[in-house]
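Chains, contacts and geometry: an overview
Given next are the chains, with one letter for each unit.
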Amino acid sequence: MRQFDVFPNPSPRSGVAAPFIVLMQSHFMDLMPTALIAPLIREPRSGDFTKVSIPIRLNDETLHLSLAEMAPILRSALKRAAGSVVPYEDDIRRALDRLFTSF
């Protein structure tokens, strides 16, 4: 598992609205039992999102990476990667800076 890998959302409850999650944590922290993830949200009203959400194109669908909703998950819940958002790394890092430093 590497930073910015995309995984199917293991939660049946939130999986309809957020079919995928993104591993936000560095792969150098892989000894921890948990990993920090952010949901990829399926949302038709993109105007509702803020500067800490990034539109991501995945499997012919635009989803929104919601950094404001990052949360820990047990690493064991992450199964086979379904893709990567590495091409969006600069946008993600800028949004993380806005989230944590307001710049």
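Everything in this summary refers to the structure shown in the same document. Just so it is clear, the structure is predicted and the values come from calculations on it, not from any experiment.

1. Quick look at helix α1 (residues 89–101)
- Taking 1.5 Å as the rise per residue, α1 with 13 residues should run 18 Å; its terminal C-alpha atoms sit 18 Å apart, in good agreement.
- Those residues of α1 that fall on the buried side of the exposure criterion are I92, A95 and L96. Angular distribution of buried residues about the axis of α1 spans 105°; they occupy a single face of the element.
- Where α1 is buried, its residues meet β4 (53–58) and β5 (61–66).

2. Things to note about the pairing of β5
- Pairing of strand β3 (residues 34–41) with β5, which is carried by two bridges, proceeds in the antiparallel orientation. Each bridged residue has a counterpart across the sheet, and for I41 the counterpart in β5 is H64.
- One ladder, built from six bridges, connects β4 with β5; its direction is antiparallel. Across the sheet, residue L58 finds its bridge partner in β5, namely E61.

Scoring rules and cut-offs
- Residues numbered from 1 in each chain as written.
- Predicted model: local features only at pLDDT ≥ 70, side-chain atom pairs only at ≥ 80, totals over all residues.
- Heavy atoms only, no water.
- Helix = DSSP H or I, 4+ residues; strand = E, 2+ residues; numbered from the N terminus.
- Expected span 1.5 Å × (residues − 1).
- Buried < 20%, exposed > 50% of the residue type's maximum accessible area, 1.4 Å probe, protein only.
- Arc of directions from axis to C-beta.
- Contact = heavy atoms within 4.5 Å.
- Pairing = 2+ DSSP bridges.

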